[in-house]
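Spelled out, the chains give:
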Amino acid sequence: MSSTDRRSGFSEDCTSSAIPHDRKFDSCTKQKSCPVEEKIETDSGNSSHARYAGSGTREDPYIVVWDEEDPEDPYNWSNTRKWIITTQLALTTFTVSFSSSSYSGGLEDITRDLNVSDELAVLGISLYVLGFAVGPLLFAPMGEMYGRRIIFLITVGLYTPLHIGGAFAKNITTVLIVRLLTGIFGASPLTNAGGAVADIFTPRERGLASAIYAAVPFLGPVIGPIVGGFVADSSLGWHFNFWLMLLLGAFSLIMGYFLAPETYAPVLLRRRAQHLMKLSNGTISYMSKYDIGRSTSFVKTMKVNLSRPFTFMVTEPIVLLFAIYISVVYGTLYALFSAFPIVFETRRGWSAGVGGLAFLGVGAGISVGTVTASVQNAIYRKAMDRSPNGRAPPEARLHTAMMGGVLVPIGLFWFAWTADPPVHWIVPIIAGFPFGQGVCQILQSSTAYLMDAYEIYFASAIAATIVLRSIFAAVFPVIAPTMFNSLGDAWGMSIFAFLGLACTPIPFLFWNYGKGIRSKSKYAYKESDDLS
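Criteria and thresholds
- Residues numbered from 1 in each chain as written.
- Predicted model: local features only at pLDDT ≥ 70, side-chain atom pairs only at ≥ 80, totals over all residues.
- Heavy atoms only, no water.
- Helix = DSSP H or I, 4+ residues; strand = E, 2+ residues; numbered from the N terminus.
- Buried < 20%, exposed > 50% of the residue type's maximum accessible area, 1.4 Å probe, protein only.
- Contact = heavy atoms within 4.5 Å.
- Areas by Shrake-Rupley, 256 points an atom, 1.4 Å probe, with all protein chains shown as cover.
- Core = buried A, V, L, I, M, F, W, Y, C linked by side-chain atoms within 4.5 Å.
- Patch = residues over 30% accessible without salt bridge, like charges linked within 9 Å, V, L, I, M, F, W, Y side chains within 5 Å.
- Salt bridge = Lys/Arg side-chain N within 4 Å of Asp/Glu carboxyl O.
- Polar contact = N/O pair within 3.5 Å; in protein donor to acceptor, adjacent residues only side chain to side chain.
- Expected span 1.5 Å × (residues − 1).
- Bend = angle between axes of the 7 residues up to and from the residue.
- Phe/Tyr/Trp six-rings, centres within 6.5 Å; stacked < 30°, edge-to-face > 60°.
- Lys NZ or Arg CZ within 6 Å of the ring centre and 35° of its normal.
- Lys, Arg positive; Asp, Glu negative; His and termini not counted.
- Charge placed at Lys NZ, Arg CZ, Asp CG, Glu CD.
- pLDDT = per-residue confidence, 0-100.
- Axes fitted to C-alpha atoms, helices over the stretch in contact; angles between N-to-C directions.
- Parallel < 35°, antiparallel > 145°, perpendicular 65-115°, else oblique.

## Description of the overall build of the protein chain
- Each helix and strand counted, the protein chain has 20 helices and four strands in total.
- Evaluated residue by residue, the protein chain yields a buried proportion of 60% over its 532 residues.
- Here the contacts in the protein chain between residues at least 6 apart in sequence split such that 80% fall between residues at least 24 apart.
- For the protein chain, the accessible surface area stands at approximately 20,300 Å², while carbon and sulfur atoms represent 66% of it.

In structure tokens:
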């Protein structure tokens, strides 16, 4: 990576965002207020006493930056190391998302054993997912202040043993409290994993990794009911699902401890600056380039990060519309966790374990959707090659979202009107395939688009979508049984299909008008930034 890629400074606005700074295409690189970074070796040539821009005083500290081809810079880590980290991130994200739905496999047994209504039992899914809305707002700024690794270890370290409460639960209150708390702490890997992917992969490299990160939150919930259903049907009973969640959490925690280093560049450079100061016994001052003008107040950082996602929802049309779109398809996926038992277990008399197999169609679609990311990446690389500055417009990420936008309503309408007997059971299961593929493509493509469009503000943009999608995913499973019982299976599912159809034009809208919309944004990337 060239030295030009390293010479990017950050204003206070930039550093207040708890997100991975895209150092190759940082929107602050053109700001005149950003400091010039220059590494100067000492006369002795000893790199341990290297001098940076500045005078080393408290008023004018040395500005610590990455060296060219610096081995500690995550961008320069080997591909093997990067993919080991990515695999571990995917494992943890899978663990958390799997646990969101494996609980649903024992819903019938929970209602019977704890003597509660179906709606109250389903609340265990909703509260878990609602925790996903709270967690990102808390843990994203903490990750910026203290590093992604320590926040991961603390949150997953709390998430894992909490499942013991569910494993021994004798009443629904205990179950619901455990589900809410595990959802809150489980949200940390969902947000920090995406940030870590952007920390270690350049925009050209990150296509497949970001696609995997985007797909896993959908694949986990699809596998969960299958496993959870068979566990509940076995002699182990529904309580063992909580032990299974605990075991997966413990495995992810152990793998994270050994395989996941700190990846967040501002924290790594801050530590280097502190180390250099320690070597000088505090007589020479050093400061990371990311900390220039940055508030060290945790309260202020929290205020910025808590408010900015909601600000984006009001002021950024791109964030608002994609947040709505992602929320609709994500909420619909979670609605299936209460709808499928009605369609396949109540209507067709299947057991919970066999009923979970109905999700195989959705799972197969998600798998194929993940594979199509390679096609999208090839299109994006060609757009980069054609670009005069080597950077493709963010809209080049939207091809698969447009395809997925068509597939989602097709799958839902297909399922809606073939769900009930005498239509053969395989027909509605196959209908899950286009829905699953479309959901996966929409999330992959929109996540990559937001990452490119908002760069250093990506975490705020994605936090807005996570908060809204978690609310939808908490509400839809609760209202789905009422809709199906009141309207019938066909019209109940058709409501979700019409919502998906209404959102279909969104990626087409930004494909045609995204550049103009970004040009009017205070936060989004603009092509003029590369020319100023």
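Moving on from the coordinates now.
## Some details on the nonpolar core
- Counting residues in each nonpolar core, the largest one holds 97 residues, and the members touching the most others are Phe132, Tyr454, Met493 and Phe496.
- No other element matches the 19 residues that helix H12 (residues 317–346) contributes to this core.
- Counting residues in each nonpolar core, the second largest holds 14 residues, with Leu268, Ala273, Tyr286 and Tyr290 among its members.

## Re the environment of leucine 253
- Relative to the assigned elements, leucine 253 resides in helix H9 (residues 239–259).
- What leucine 253 contacts, discounting residues up to four positions off in sequence, is Leu153, Val156 and Gly157.

## Overview of a nonpolar patch on the surface
- A grouping of Val406, Ile410, Trp414, Trp425, Ile426, Ile430 and Phe508 is seen on the molecular surface, where their side chains present a nonpolar patch of about 570 Å² in accessible area.
- Counting residues per element, the nonpolar patch draws most heavily on helix H16 (residues 399–416), at three residues.
- Tracing the backbone through its elements, the reader meets valine 406 in helix H16.

## A closer look at the side chain of serine 288
- Here serine 288 lies in strand E4 (residues 286–288).
- Using a relative accessible area of 1% as the deciding quantity, one classes serine 288 as buried.
- Within polar-contact distance, the side chain of serine 288 engages the backbone nitrogen of tyrosine 290 at 3.1 Å.

## Some details on helix H20 (residues 505–519)
- A rise of 1.5 Å per residue sets the reference length of H20, with its 15 residues, at 21 Å; its end C-alpha atoms lie 21 Å apart and thus fit the reference within 8%.
- If you look at H20, its biggest bend is around 75°, right at tyrosine 513.
- Of the positions making up H20, those classed as buried are Ile506, Pro507, Phe510, Gly514 and Arg518.
- Tucked into the core, H20 has its buried residues touching H12, H16, helix H17 (426–454) and helix H19 (489–503).

## With respect to the packing of aromatic side chains
- Under the counting rule described, the total for this entry stands at 27 aromatic pairs.
- Seen in terms of ring centroids, phenylalanine 340 and phenylalanine 415 are 5.2 Å apart; in terms of plane orientation they differ by 5°. Their pairing is stacked. Linking phenylalanine 340 in helix H12 with phenylalanine 415 in helix H16, this pair joins segments that are 75 residues apart in sequence.
- Linked through ring pairs, Tyr330, Tyr334, Phe337, Phe340, Phe344, Trp350, Phe359, Phe415 and Trp425 together constitute an aromatic cluster.
- The positively charged end of arginine 149 is found above the aromatic ring belonging to tyrosine 257, 5.3 Å away from the centroid.

## Concerning a negative patch on the surface
- Side chains of Glu108, Asp118, Glu119 and Asp233 sit close together on the surface and give a patch of like negative charge.
- Looking at the secondary structure, you find aspartate 233 in helix H8 (residues 206–233).
- Under the relative-accessibility criterion, aspartate 233 is labelled partly exposed at 40%.

## Overview of the confidence of the model for the protein chain
- Scored by pLDDT, the protein chain has a mean of 84; 89% of the residues are at 70 or more.
- Highest mean pLDDT in the protein chain belongs to H16 (96); lowest belongs to helix H2 (residues 12–15) (34).

## Some remarks on unusual backbone geometry
- Omega for the peptide link from proline 421 to proline 422 comes to 15°, which places this bond in the cis form.
- In the Ramachandran plot, glutamate 69 falls in the positive-phi region, its phi being about 60° despite a non-glycine side chain.
- The phi dihedral of asparagine 115 falls on the positive side, at around 55°, and the residue is not glycine.

## A look at the packing of helix H7 (residues 172–200) against H8
- For the pair H7 and H8, interaxial distance at closest approach is 9 Å and the crossing angle is 170°. With respect to their mutual orientation, H7 and H8 come out roughly antiparallel. Contacts from Leu190, Thr191, Ala193, Gly194, Val197 and Ala198 of H7 reach H8 at Arg206, Ala209, Ser210, Tyr213 and Pro217.

## Brief notes about the environment of alanine 214
- Here alanine 214 shows up in helix H8.
- A C-alpha to C-alpha distance of 8.2 Å links alanine 214 and glycine 194, two positions 20 residues apart in sequence.
- Alanine 214 has contacts with Leu443, Gln444 and Thr447, leaving out every residue within four places of it along the chain.

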